[in-house]
Amino acid sequence: MRGNGMGNMQQMMKQAQKMQKKMMAEQEELNSQEFVGQAPDNMVSATFSGDKKLKDLKINPDAVDPDDVDMLQDLVLAAVNDGLQQIDSATEKTMGKYSKGIPGM
């Protein structure tokens, strides 16, 4: 009986290690992807890596109005927030399966 319990524990540990490796590989895959957030009318686009690093920011010259800097700021915020939302959605879709059933996740 006692030996069988140890075998089950070892099997559980192997499964946990295997799941952890798969989880890390999927996180790396997610981090290597690019996500492009867009402001309305594609006036501003913000490109992120999956680990939420801003890689590129493009501003359409038509969005630059010296008399309306607030609009440009709003467009940049919209593009950045759109990109971050895409990352969050992809992260939940990819990694959410690992946290189901885990208390506090």
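Residues numbered from 1 in each chain as written. Predicted model: local features only at pLDDT ≥ 70, side-chain atom pairs only at ≥ 80, totals over all residues. Heavy atoms only, no water.

As judged from the five bridges shared by strand E2 (residues 44-49) and strand E3 (residues 54-59), these two strands associate in the antiparallel manner. Each bridged residue has a counterpart across the sheet, and for Ser45 the counterpart in E3 is Lys58. Here E2 hands over to E3 after four residues, with Lys52 in that stretch at a positive phi of 65 degrees. (Pairing = 2+ DSSP bridges. Helix = DSSP H or I, 4+ residues; strand = E, 2+ residues; numbered from the N terminus.)

Side-chain pairing between opposite charges can occur once the charged atoms of the two side chains come close. Applying the stated criterion to the full structure yields three salt bridges. With a closest N to O distance of 2.8 Å, Asp88 and Lys52 form a salt bridge. Within this pair, whereas Asp88 is found in helix H2 (residues 69-99), its partner Lys52 is found in the loop between E2 and E3, the two being separated by 36 residues in sequence. Under the relative-accessibility criterion, Asp88 is labelled partly exposed at 36%. Close ionic contact of Lys58 with Asp56 constitutes a salt bridge, the shortest N to O distance being 3.5 Å. Using a relative accessible area of 52% as the deciding quantity, one classes Lys58 as exposed. (Salt bridge = Lys/Arg side-chain N within 4 Å of Asp/Glu carboxyl O. Buried < 20%, exposed > 50% of the residue type's maximum accessible area, 1.4 Å probe, protein only.)

Read from one edge to the other, the open sheet built from three strands follows the order E1-E2-E3, with strand pairing classed as antiparallel. On the outer flanks of this sheet lie strand E1 (34-38) and E3, each paired with one strand and no other. For this sheet, the mean angle separating the axes of adjacent strands, direction not counted, is 15 degrees. Two elements, E1 and E2, share five bridges in a ladder whose sense is antiparallel. By the bridge assignment, Gln38 is partnered in E2 with Ser45. Together, E1, E2 and E3 form the strand contacts of H2, whose direction differs from that of E1 by roughly 140 degrees. (Axes fitted to C-alpha atoms, helices over the stretch in contact; angles between N-to-C directions. Contact = heavy atoms within 4.5 Å.)

This part takes up the environment of Thr47. Tracing the chain through its elements places Thr47 in strand E2. Spatially, the C-alpha atom of Thr47 lies 8.2 Å from that of Val80, the residues being 33 residues apart in sequence.

With that out of the way, let us pick up the pairing of E2. With six of its six residues buried, E2 lies for the most part within the structure. Of the two faces of E2, both are covered, the one formed by Val44, Ala46 and Phe48 as well as the one formed by Ser45, Thr47 and Ser49. The turn linking E1 back onto E2 is made up of five residues, and Asp41 within it adopts a positive phi angle of 60 degrees.

Our next topic: unusual backbone geometry. One non-glycine residue, Asp41, lies in positive phi territory at about 60 degrees. Following the sequence through the fold, Asp41 ends up in the loop between E1 and E2. Among the residues examined, Asp41 registers a relative accessible area of 70% and is labelled exposed. For Lys52, which is not glycine, the phi torsion reads 65 degrees and is therefore positive. A relative accessible area of 44% places Lys52 in the partly exposed class.

These figures come from the coordinates and say nothing about function on their own.
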